[in-house]
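# Structure assessment
So the chains spell out like this:
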Amino acid sequence: NFLNSLLLSAGAIIVGILSALLSEWLNNVGKVERSASLGIVFTTFFAAGLLLLRMVADHVDLDPACVLYGSLELVVLDTIGTTDIPWAVVVNGLMLLLNILLLMVFFKELRISTFDPELATSIGINARLINYCLMTVTAASLVAAFKSVGSILVVAMFITPPVIGLLLSDRLVMVLIISVISGAISAASGHAMAITLPPVIFSRLGYTGVSSASTAGMIAVSSGIILVFTILFSPSYGIIARYLSQHFLRLKITAEDLMGFLYRTEEAQKKTGVILTQKEFVGKISVGWLKFQSSVRWLEKELLFKKSDDGWSLTEKGRTQAKDLVRSHRLWESYMARHFLLPEDHLHPTAEAVEHYIDSSIRGELVKELDQPKEDPHGREIPSE
């Protein structure tokens, strides 16, 4: 058994290194994008493997279920000699220790070679050799796991935990820690689900003979469930977080547009405390009723708008922020007028979009660049900071 594992690992290592060499050759000589070259090599090797199975192992008894799901529940029966130690524990344990050792010793070299091979080469680290070693260890780890858990779980656990880590953190160390934790949770919860869920579900459907499911398959399902939840609820990259972020950004931009319009109205009438109704706002600003109501409520909550029986007016806090917004708008118009050959009627739309992202530091840089301008290209006064 150990000899079989050793031969399989050796074959996988050779193919892994060959895959790296061929993909790099396609990338350099054929000018094929890196991910595309990997796809070409992997699909070619997959097709070659199928041909070899048909030509050489056509009469070999291969259990599809074993290939797909492995024999995780039965690994305890395949022990070393007369001991009670399973071969899978020894083989996979040694691979785990090897991976941990290499990660601890060569963490810096692995990180810089993976993310910036050109920089690694420039400081004397052989990025190509590191890549080949990484492919070798990956191939050996894959084969060691494949014999115990099958192809589905190998693919699931090689991909899903790292993706979960990347969705939850941008720091490499945290990504590695989260990946290990999510993998462990998937394994524990998947095994529990394989024992408890099938009797509960299938007994209700009338299949009382179903008492359990494949542990490997349920671990893959568990990791998939965790991934789906992460995709939905990740604080930085989750679908819901991104939707809420975009929603609040749109709400903030609309609110600032309302403040800017009210400030300009005060400026035109040369008095403060001007009150505008919803009809007057909506007549000048393209905004729907629901978005207007949400923006006004937010402005009132932030003490930027003051509501009266006749409409809304700016508070002192709101007037200050609106003044900064109009200053950003007119400084950006002045900047574009100086550096770009644009007609005057093209300046306002661009400045209207950019004004929401200009803070005091950028305004300071614009003032230096424009030599303390007092008026914008349209002759309107630029408010002081």
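A brief look at the structure comes next. (Residues numbered from 1 in each chain as written. Predicted model: local features only at pLDDT ≥ 70, side-chain atom pairs only at ≥ 80, totals over all residues. Heavy atoms only, no water.)

## Section: the overall build of the protein chain
Condition: Note on conventions: DSSP H or I runs of at least 4 residues are helices, E runs of at least 2 residues are strands, and numbering of each starts at the N terminus. In this treatment the radius of gyration is a C-alpha quantity, and the globule benchmark scales as 2.2 Å times the residue count to the 0.38 power. Buried, partly exposed and exposed residues are distinguished by accessible area as a fraction of the type maximum, computed with a 1.4 Å probe on protein chains only: under 20%, between the cut-offs, and over 50%, respectively. Here the accessible surface of atoms and residues is derived via Shrake-Rupley with a 1.4 Å probe, and residues count as covered only by protein chains that are part of the display. We score Asp and Glu as negative and Lys and Arg as positive, and we do not count His or the chain ends. Note that the charge is assigned to NZ on lysines, CZ on arginines, CG on aspartates and CD on glutamates.
In terms of regular secondary structure, the protein chain is built from 15 helices and two strands. Relative to the globule expectation of 21 Å for 385 residues, the C-alpha radius of gyration of the protein chain, 32 Å, shows a markedly less compact shape. Its C-alpha atoms give the protein chain principal-axis dimensions of roughly 95 × 60 × 40 Å. The buried share among the 385 residues of the protein chain stands at 33%. Taken as a whole, the protein chain presents about 23800 Å² of accessible surface, with 67% of it coming from carbon and sulfur. In the protein chain, 32 side chains carry a positive charge and 36 a negative one; their mean positions are 4 Å apart.

## Describing the layout of surface pockets
Put simply, the rule is: Think of a 1 Å grid over the protein atoms and nothing else: a 1.4 Å probe that fits but is trapped marks a cavity, an open set flanked by protein within 12 Å on at least five of seven lines marks a pocket, and residues with an atom within 4 Å of a point count as lining. Grid points are joined across faces, edges and corners, and a volume is the space filled by probe spheres set on the points. In the scheme used here, Gly and all other residues not listed as nonpolar or charged are polar, with Ala, Val, Leu, Ile, Met, Phe, Trp, Tyr, Cys and Pro taken as nonpolar and Asp, Glu, Lys and Arg as charged.
Estimates place the volume of the second largest pocket at around 320 Å³. For the lining of the second largest pocket, the secondary structure elements donating two or more residues are α10 (239-269), α13 (316-339) and α14 (347-354). Considering every element that reaches the lining of the second largest pocket, the biggest residue donor is α10, with eight residues. Grouping the amino acids of the lining of the second largest pocket by side-chain chemistry returns five nonpolar, five polar and eight charged.

## Quick notes on the side chain of S113
We count it as follows: Distance and chemistry together define a polar contact, namely a pair of N or O atoms within 3.5 Å, with one atom able to donate a hydrogen and the other to accept it when in protein, and with adjacent residues in sequence counting only for side-chain atoms on both sides. A contact between two residues is defined here by any heavy atoms of the two lying within 4.5 Å.
The topology assignment puts S113 in helix α5 (residues 107-115). At a separation of 2.8 Å, a polar atom in the side chain of S113 contacts the main-chain carbonyl oxygen of E109. Excluding anything up to four places from it in sequence, S113 contacts A120, I125, A127 and I130.

## Points about the pattern of salt bridges
Threshold: Put simply, a salt bridge is a Lys or Arg side-chain nitrogen that is within 4 Å of an Asp or Glu carboxyl oxygen.
According to the stated counting rule, one finds eleven salt bridges in the structure shown. Put simply, E355 and R264 hold a salt bridge, and the shortest N to O gap is 3.9 Å. Pair noted here: E355 is in the loop between α14 and α15 (360-370) and R264 is in helix α10, with a separation of 91 residues, a long-range link. Exposure remark for E355: the relative accessible area of 3% places this residue in the buried category. Judged by its relative accessible area of 25%, R264 falls in the partly exposed class. Measuring nitrogen to oxygen at the nearest pair gives 3.9 Å for the salt bridge that ties D371 to R338. Placement of D371 in the segment after α15 and of R338 in helix α13 is noted, with a sequence separation of 33 residues between them. Classification of R338 as partly exposed rests on a relative accessible area of 46%. Residues joined by salt bridges that share partners form a network here, namely D324, R327, R363 and E385.

## Comments concerning the packing of aromatic side chains
Our working rule: In summary, the pairing rule links any two rings of Phe, Tyr or Trp, Trp by its six-membered ring, whose centres are within 6.5 Å, and it sorts them by plane angle into stacked for under 30 degrees, edge-to-face for over 60 and tilted for everything else.
Tallying each qualifying case throughout the model produces six aromatic pairs. With a centroid separation of 5.2 Å and 25 degrees between ring planes, the pair formed by W332 and Y335 is classed as stacked. Of this pair, W332 and Y335 both sit in helix α13, three residues apart, roughly one helical turn.

## Let's talk about the packing of α13 against α15
To be explicit about the condition: To obtain an axis, a line is fitted to C-alpha atoms, over the contacting stretch when the element is a helix, and the angle between two such axes runs from 0 to 180 degrees between their N-to-C directions. When describing relative orientation, an angle under 35 degrees is termed roughly parallel and one over 145 degrees roughly antiparallel, while 65 to 115 degrees is termed roughly perpendicular and anything else oblique. Handedness of a helix crossing follows the sense of rotation of the near helix relative to the far helix, less than a right angle counterclockwise being left-handed and clockwise being right-handed.
At a minimum axis separation of 10 Å, α13 and α15 run at an interaxial angle of 40 degrees. What the angle tells us is that α13 and α15 run oblique. Classified by chirality, the crossing of α15 by α13 is left-handed. Counting all contacts with α13, which are made through D324, R327, S328, L331, W332, S334, Y335, R338 and H339, the residues of α15 involved are R363, L366, V367, E369 and L370. Here the residues of the contact of α13 with α15 are counted per class, giving six nonpolar, three polar and five charged.

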